[in-house]
Number of protein chains: 2
Amino acid sequence: MFAPVDEQMIHLRRGASEIIPEKELERKLLRSRASGKPLVVKLGCDPSRPDLHLGHGVVLRKLRQFQDLGHRAVLIIGDFTGMIGDATGKSKTRPPLSLEETRANGQSYFEQASRILNPDTVEIVYNSQWLEPMNFTEVIQLAATCTVAQMLAREDFAARQGCGEPIGLHEMLYPLAQAQDSVAIKADVELGGMDQKFNLLVGRALQKQRGQKSQVCMLLPILEGLDGTEKMSKSLNNYVGISEPPDNMYGKILSLPDSLIYRYFELATDVDTLDLPRMKVFAHDCPRDAKHALALTIVRMYHGGSAATAARAHFEQTVVRKRLPDQMPEYRPEDAANPMGVLSLLTQAGLTRSNGEARRLIQQRGVSIDGKKVLNIALRVNVAARAPFVLQVGKRRFVRIVA
Amino acid sequence: MFAPVDEQMIHLRRGASEIIPEKELERKLLRSRASGKPLVVKLGCDPSRPDLHLGHGVVLRKLRQFQDLGHRAVLIIGDFTGMIGDATGKSKTRPPLSLEETRANGQSYFEQASRILNPDTVEIVYNSQWLEPMNFTEVIQLAATCTVAQMLAREDFAARQGCGEPIGLHEMLYPLAQAQDSVAIKADVELGGMDQKFNLLVGRALQKQRGQKSQVCMLLPILEGLDGTEKMSKSLNNYVGISEPPDNMYGKILSLPDSLIYRYFELATDVDTLDLPRMKVFAHDCPRDAKHALALTIVRMYHGGSAATAARAHFEQTVVRKRLPDQMPEYRPEDAANPMGVLSLLTQAGLTRSNGEARRLIQQRGVSIDGKKVLNIALRVNVAARAPFVLQVGKRRFVRIVA
């Protein structure tokens, strides 16, 4: 039923920053293969931000890889923990949400995540199911498993404490509450971004305390945004939303720095793991083409193949227009009041050496006016009425026609 | 119904270290007097230590004073918070107790406290009543009222953090849980030892958060133990238990340093507040007599008048024996083989100048053998059989009779 462990590991190691501990994952996979019992793979999601982008997609893709290998994907909607509001990586306490709000966000999260996961086999659970019925005594027993110093070791807590920014006491319950999720579903593996490392390790420790086998923590990198440096996030406006229209997606990805093309292939696409080495060479040798291939792949993943092709065409059309140089030569025809033939206009403006060359270029679809191809060699242009406009030959030669 | 506020304040200020804020207590008393509605006075007790001593008695006596002034005394048995185990003033996390253990301790606490309180009017409540049903959501909302930094400001937490001693995360829930007690009973005043100042102020803040009038915090000193320096505590063996037998109590109090006699009168007895200035002079001028008066008072409070008188007598008898000087003259009768008259023995040993003086002293009950009064002037003593023994005249003259 399951692929050999070595083969599974090739897919599972893809893009992972840390697997704690990797040997234990291999042992779990071995046992799973021997018994025919799939691993329980947990991904907890904080539904306080309802809009998913490619950054969120990184862990979701990893969960999908586990699904594709035959394991059980359990998506935990943190409707309860969302009420606490995890401040991981944040510098401030979040305003608490109500259970209604977190559940509504959770529903939307699931709908979006279904574009990445295999929705037929993913198990969705809301953590309010086991956290809400916990009473004060059980919370005390939970809190007693951890010391204040251990909590304050979390980077963002330490930073906030260091600069005197208040940390609500309830925020320290967050890592424990989400750790309880691992106990509740008996997770074998938990996935998370590198910023979740602390929380995932708390889950690992709590399971041990509760007499369970500890989960393996698999940490994925934080995807850089389109600016190439900052973490992808909505507030920095450097993101590609997974529900964005195809044209937007395509255009945004084309603005990615070349240095990130391969990283996006590895972390944000369904390109076969075995093809990745080839993509690396491709991205290095032909970044422009590789970036188009990346954009095509990502739009195809979220919107299908024909939407991807259409997005590419739309991009070519609009972006070429956008890519006019700021400075270009101008030409003012002597008799602008009368419509003139496009062939003479090309030659007079200095873009062709003869009307014959102009004709050939038009027939080869190499001429356009304001980004729109000129297909008719007999076209007459009313310069006085239409100017200013851009007359273009090939990709790089432009003249602005003025009256 | 209620005494004038000024008069009440004389009793309430007695021994108090801090009243936060004092003006607010006066206003509450004024309103109470105007409306005829007694104040709700809270004393929370941690039933993790079931044996009460005079140190615990200090706050219980203050609660009794409120009772005597007509106010409502609410004794909160912290059966629930006892499970957390407050570590106030401790340098280590306490081992948690079960609800059964804390309730059993609570019952014993109440029985002992009844020796100080007026048991007919005191209201006993177990805080598990409102804390046990609290769910995780409510605990989060409770925890959110406080920051980690505020908690770490508590002296003992700060000290433990400073020296790397672990603080269980659950311990930070303790101050909030007992603060919830104030909200539950709508306390007007909470009593506590100075070491409880932080916790009491958390109660004051939480009531405000919950839209209630904030309680006044009345802080009492920590009573020094019999060594005169350390806090009274069982583990330091410098304590007087309130359930100790009269003789033990009496004897222990007589070992108190003179400097503490007045402090004990003020904090540990029911001597009328208006008589305290006189007791101060008494303790200063005649510490020996004042200490006996203190011991009598305390034994009388816990065991009744006749037990107190008996304890005094027992003390005189045994302690005088114990107080034999280490060095004393010896006398060896020449003819020890024959029984000899007690009168001649006294004179020969040099304790009396004549048999006539010896007879008078015996008739005045001034002579004893090994601490036991000699009442028979015709007594014949078989020195050879009985020696060595101590022959004593008055309080300070001894001779050791040897054979």
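Keep in mind that what you see is a predicted model, and the values were worked out from it rather than measured.

> So what's going on with the overall build of chain A? Which residues, and what values?
On a plain count of helices and strands, chain A comes out with 19 helices and 13 strands. For a compact globule of 403 residues, the expected C-alpha radius of gyration is about 22 Å, and chain A comes in at 28 Å, more than 25% above that figure. Considered along the principal axes of its C-alpha atoms, chain A spans approximately 90 × 50 × 35 Å. Taking all 403 residues of chain A together, 51% fall into the buried category. Across chain A, contacts joining residues at least 24 apart in sequence account for 70% of those joining residues at least 6 apart.

> Any chance you could break down the sheet that holds strand β9 (residues 367–369) of chain A for me, citing the residues and the numbers?
Ordered by their spatial adjacency, 5 strands build an open sheet running β7-β13-β12-β9-β10 (chain A), and the pairing between neighbours is mixed. Of all strands in the sheet, those with a lone pairing partner are β7 (330–331) and β10 (372–373) of chain A, marking the two edges.

> Provide a residue-level description of the interface of chain A and chain B, including the pertinent values.
On the chain B side, the residues contacting the 29 residues of chain A number 29 residues. Of the roughly 2400 Å² buried where chain A meets chain B, counting both sides, 82% is carbon and sulfur surface. On the chain A side of the contact with chain B, A:F136, A:V148 and A:L169 bury the most area, a combined 32% of that side's loss. Between chain A and chain B we count 0 salt bridges in total. Summed over the shared surface of chain A and chain B, the number is 6 residue pairs in polar contact (both at pLDDT 80 or more). Listing elements by their share of the side of chain A that touches chain B, those giving two or more residues are α4 (81–84), α7 (136–143), α8 (148–152) and α10 (173–185) of chain A. When residues in the side of chain A that touches chain B are grouped by element, the largest group, 6 residues, is from α7(A). Of the residues in the side of chain A that touches chain B, the class split is 22 nonpolar, 6 polar and 1 charged.

> Lay out the pattern of salt bridges with the relevant residues and their values.
Residue and element names in this part refer to chain A. In the structure shown here, the tally under the stated rule is 44 salt bridges over all chains. Among the salt bridges present, the one from R72 reaches E123, with a minimum N-O distance of 2.7 Å. In this pair, R72 sits in strand β3 (residues 72–77) while E123 sits in strand β4 (residues 123–126), placing the two residues 51 residues apart along the sequence. For R72, a relative accessible area of 35% translates into the label partly exposed. A residue is classified by how much of its surface remains accessible, and E123, at 28% relative accessible area, is partly exposed. D156 is the salt-bridge partner of R154, the closest N and O atoms lying 2.9 Å from each other. Comparing R154 with D156 shows no difference in burial state: the two are buried. One connected set of salt bridges, linked through shared partners, spans R13, E22, K23 and E26.

> Can you lay out the relation of the copies chain A and chain B for me, pointing to particular residues and giving the numbers?
Note on the identical chains: chain A maps onto chain B by a rotation of 180° and an axial translation of 0.3 Å, with an RMSD of 0.4 Å. Such values leave the two copies arranged in the relation of a two-fold axis. No C-alpha of chain A approaches the rotation axis more nearly than that of A:N135, which lies at 2.2 Å. A share of 100% of interface residues in chain A that are also interface residues in chain B marks the association as one of identical surfaces.

> Residue-level account of the packing of aromatic side chains, with values.
To describe a pair of aromatic rings, one takes the distance between the centres and the angle between the planes. Summed over the entire model, instances satisfying the criterion amount to 4 aromatic pairs over all chains. Ring plane angle 45° and centroid distance 5.2 Å describe the contact between A:F80 and B:F136, whose orientation is recorded as tilted. Placement of the pair is A:F80 in the loop between β3 and α4 and B:F136 in helix α7 (residues 136–143), with the two residues belonging to separate chains. Of the two residues, A:F80 and B:F136, both sit in the buried class. When the ring centre of B:Y239 is taken as reference, the NZ or CZ atom of B:K252 above it lies at 4.1 Å.

> Report on the environment of B:L152, specifying residues and quantitative values.
Tracing the sequence through the fold places B:L152 in helix α8 (residues 148–152). Residue B:L152 is classed as buried on the basis of its relative accessible area, which comes to 7%. Through-space distance from the C-alpha of B:L152 to that of B:A308 is 47 Å; in sequence the pair is 156 residues apart. Aside from chain neighbours lying at most four places away, what touches B:L152 is A:V148, A:L152, A:Q161, B:F157, B:A158, B:Q161, B:I167 and B:M172.

> Provide a residue-level description of the environment of A:V271, including the pertinent values.
All names here are of chain A. Its place among the elements puts V271 in the loop between α13 (261–268) and α14 (276–285). A residue is classified by how much of its surface remains accessible, and V271, at 12% relative accessible area, is buried. With residues up to four places along the chain from it excluded, the contact list for V271 reads R14, F265, L276, M279 and T297.

> Give a detailed account of the pairing of strand β12 (residues 389–393) of chain A, specifying residues and quantitative values.
Residue and element names in this part refer to chain A. A large share of β12 lies buried, amounting to 5 of its 5 residues. Along β12, one buried face is formed by F389, L391 and V393 and the opposite face, lined by V390 and Q392, is buried too. Pairing of β9 with β12, which is carried by 3 bridges, proceeds in the antiparallel orientation. Along β12, the bridge assignment pairs V367 with V393. Pairing geometry for β12 and strand β13 (residues 397–401), over 5 bridges, is antiparallel. Bridging across to β13, F389 finds its partner in I401.

Definitions and cut-offs
- Residues numbered from 1 in each chain as written.
- Chains lettered and ligands numbered in written order.
- Predicted model: local features only at pLDDT ≥ 70, side-chain atom pairs only at ≥ 80, totals over all residues.
- Heavy atoms only, no water.
- Helix = DSSP H or I, 4+ residues; strand = E, 2+ residues; numbered from the N terminus.
- Rg over C-alpha atoms; globule rule 2.2 N^0.38 Å.
- Buried < 20%, exposed > 50% of the residue type's maximum accessible area, 1.4 Å probe, protein only.
- Contact = heavy atoms within 4.5 Å.
- Pairing = 2+ DSSP bridges.
- Buried area = accessible area lost by both parts, 1.4 Å probe.
- Salt bridge = Lys/Arg side-chain N within 4 Å of Asp/Glu carboxyl O.
- Polar contact = N/O pair within 3.5 Å; in protein donor to acceptor, adjacent residues only side chain to side chain.
- Nonpolar A, V, L, I, M, F, W, Y, C, P; charged D, E, K, R; others polar.
- Least-squares fit on C-alpha atoms with pLDDT ≥ 70 in both.
- Phe/Tyr/Trp six-rings, centres within 6.5 Å; stacked < 30°, edge-to-face > 60°.
- Lys NZ or Arg CZ within 6 Å of the ring centre and 35° of its normal.

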